[in-house]
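Each chain is listed here by its residues.
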Protein chains: 2
Amino acid sequence: MQKAVVNNANKAYALLKADADKILKLIQVQMDNLTMPQCPLYEEVLDTHMFGLSREIDFAIRMDLIKEHEGKALLDNLEKQLNKIHESHNKNNNNILY
Amino acid sequence: MQKAVVNNANKAYALLKADADKILKLIQVQMDNLTMPQCPLYEEVLDTHMFGLSREIDFAIRMDLIKEHEGKALLDNLEKQLNKIHESHNKNNNNILY
């Protein structure tokens, strides 16, 4: 592969990974401070951000900047980390309630 | 500019323009068939799609695939066309009501 192509692919992946991390950070801050995961607005904000990232990733795949499996792994990984945050949050809440 | 760079820029712009056209088509079909522009779900769907497109455009700008003013023009143009559809829809509705 040409050097410029590899550099572009690396840049694309780094940008997408940074955007995924931003969503994670946003949710983490929300959990730590607002503790309202049942709020419909929370769900909506998260869904919108996940949709935005999935559109970016889809565009990068169509531009041959990243492979389809890389894009899928990015989204899957983000979802797994969000689930962990949710679980940890729910566990803490249960400890307080009971 | 190198040929490959121009080709990539053209491809990026064409993909983004096609995505903007898809949103326009979606809203046009919704207007023609469902006639529910006041529905909160309609607003939410449109907002989510606009957000997704803006994330794609932002990513393309950060990858130096399109210029910032091109991305802004794409979004502005889409919003203008959506406004026209809304106006035309409201006018037709008013004609029926009065």
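Further up the page is the structure itself.
Keep in mind that this is a model prediction, so the values were computed, not measured.

**Details of helix 1 (residues 3-33) of chain B**
Working step 1: In this model helix 1 of chain B runs 44 Å from its N-terminal to its C-terminal C-alpha over 31 residues, within 8% of the 45 Å that 1.5 Å per residue would give.
Working step 2: Every buried residue belonging to helix 1 of chain B is among A12, L15, L16, D19, A20, I23, L24, I27, Q30 and M31 of chain B, and all of these are buried.

**Description of the pattern of salt bridges**
Working step 1: Within this structure, the stated rule accounts for 20 salt bridges over all chains.
Working step 2: For K17 of chain A, the salt bridge identified is with D21 of chain A, shortest N-O distance 3.0 Å. Of the two residues, K17 of chain A and D21 of chain A both sit in helix 1 (residues 3-33), four residues apart, roughly one turn of that helix.
Working step 3: A residue is classified by how much of its surface remains accessible, and D21 of chain A, at 35% relative accessible area, is partly exposed.
Working step 4: Measuring nitrogen to oxygen at the nearest pair gives 3.5 Å for the salt bridge that ties D64 of chain A to K11 of chain B.

**A short note on the packing of aromatic side chains**
Working step 1: Taken as a whole and judged by the stated rule, the model has one aromatic pair over all chains.
Working step 2: Ring centres of F59 of chain A and F59 of chain B lie 6.2 Å apart, and the angle between their planes is 90 degrees; this geometry places the pair in the edge-to-face category. A residue pair is termed interchain when its members come from two chains, as with F59 of chain A in helix 2 (residues 40-62) and F59 of chain B in helix 2 (residues 40-62).
Working step 3: Classification of F59 of chain A as buried rests on a relative accessible area of 0%.

**A short note on a negative patch on the surface**
Working step 1: On the surface, E43, E44 and D47 of chain A together with E43, E44 and D47 of chain B cluster together into a negatively charged patch.
Working step 2: Of all the elements in the fold, those that place two or more residues in the negative patch are helix 2 of chain A together with helix 2 of chain B.
Working step 3: Within the fold, E44 of chain A resides in helix 2.
Working step 4: Take E44 of chain A: its relative accessible area is 32%, and that puts it in the partly exposed class.

**Topic: the interface of chain A and chain B**
Often, the extent of an interface is quoted as the loss of accessible area on bringing the components together.
Working step 1: Taken together, the contact pairs 19 residues of chain A with 19 residues of chain B.
Working step 2: Across the chain A to chain B interface the summed buried area is about 1800 Å²; carbon plus sulfur atoms make up 66%.
Working step 3: Of all residues in chain A, the largest losses of buried area upon contact with chain B belong to F59, R62 and M63 of chain A, amounting jointly to 33% of the total for that side.
Working step 4: On inspection of chain A and its partner chain B, the count reaches 10 salt bridges.
Working step 5: For R62 of chain A, the salt bridge identified is with E56 of chain B, shortest N-O distance 3.3 Å.
Working step 6: Summed over the shared surface of chain A and chain B, the number is 10 residue pairs in polar contact (both at pLDDT 80 or more).
Working step 7: Every element with two or more residues in the side of chain A that touches chain B is listed here: helix 1 and helix 2 of chain A.
Working step 8: The element that contributes the greatest number of residues to the side of chain A that touches chain B is helix 2 of chain A, accounting for 10 residues.
Working step 9: In the side of chain A that touches chain B, the residues fall into eight nonpolar, four polar and seven charged.

Each value, and the rule that gives it
Residues numbered from 1 in each chain as written. Chains lettered and ligands numbered in written order. Predicted model: local features only at pLDDT ≥ 70, side-chain atom pairs only at ≥ 80, totals over all residues. Heavy atoms only, no water. Helix = DSSP H or I, 4+ residues; strand = E, 2+ residues; numbered from the N terminus. Expected span 1.5 Å × (residues − 1). Buried < 20%, exposed > 50% of the residue type's maximum accessible area, 1.4 Å probe, protein only. Salt bridge = Lys/Arg side-chain N within 4 Å of Asp/Glu carboxyl O. Phe/Tyr/Trp six-rings, centres within 6.5 Å; stacked < 30°, edge-to-face > 60°. Patch = residues over 30% accessible without salt bridge, like charges linked within 9 Å, V, L, I, M, F, W, Y side chains within 5 Å. Areas by Shrake-Rupley, 256 points an atom, 1.4 Å probe, with all protein chains shown as cover. Lys, Arg positive; Asp, Glu negative; His and termini not counted. Charge placed at Lys NZ, Arg CZ, Asp CG, Glu CD. Contact = heavy atoms within 4.5 Å. Buried area = accessible area lost by both parts, 1.4 Å probe. Polar contact = N/O pair within 3.5 Å; in protein donor to acceptor, adjacent residues only side chain to side chain. Nonpolar A, V, L, I, M, F, W, Y, C, P; charged D, E, K, R; others polar.

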